[in-house]
Amino acid sequence: MKTFKVLGGGCRNCEVTANVIAQAAREAGVEIQLDKVTDMAEILGYGVMSTPGVVLDGKVVHAGGIPAPEQVREWVRG
């Protein structure tokens, strides 16, 4: 199972990013764990300065803005 973390303070873009990831997983029939991280110290610990950020299995794969749906589908399938 893949583990995703959406890093951000709970802004609209962070919510949209989490929804895009969840929808891509549903469409692909892939089970994922999706966590939202709002603690700034933890976010900065990943080196993310611009949110939303996305961490996949412990590795930052995106930061700043909503990721493209095609990109999210690749993460889920990959």
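Let me begin by describing the structure that accompanies this report. (Residues numbered from 1 in each chain as written. Predicted model: local features only at pLDDT ≥ 70, side-chain atom pairs only at ≥ 80, totals over all residues. Heavy atoms only, no water.)

**Here we look at a nonpolar patch on the surface**
Where we set the bar: Each patch is assembled from residues with relative accessible area greater than 30% and no salt bridge, linking like charges that lie within 9 Å and nonpolar side chains (Val, Leu, Ile, Met, Phe, Trp, Tyr) that lie within 5 Å. Per-residue and other accessible areas were derived by the Shrake-Rupley procedure at a 1.4 Å probe size, with only the shown protein chains allowed to occlude residues. Each salt bridge in this description consists of a side-chain nitrogen of Lys or Arg and a carboxyl oxygen of Asp or Glu lying within 4 Å of one another. Secondary structure counts use DSSP, requiring at least four H or I residues in a row for a helix and at least two E residues in a row for a strand, with both numbered from the N terminus. Here's how the labels work: a residue is buried when its accessible area is under 20% of the maximum for its type, exposed when over 50%, partly exposed in between, all with a 1.4 Å probe on protein chains only.
Taken together, the side chains of Met40, Leu44 and Met49 make up a nonpolar region of the molecular surface, amounting to roughly 360 Å² of accessible area. Of note, Met40 is situated in helix H2 (residues 40-45). On the basis of relative accessibility, which here comes to 48%, the residue Met40 falls in the partly exposed class.

**Some thoughts on the pattern of salt bridges**
Scanning all chains against the criterion turns up three salt bridges. A salt bridge links Lys5 to Glu42; the nearest nitrogen and oxygen atoms lie 3.9 Å apart. With Lys5 in strand E1 (residues 2-7) and Glu42 in helix H2, this residue pair connects regions lying 37 residues apart in the sequence. Its relative accessible area of 32% is what places Glu42 among the partly exposed residues.

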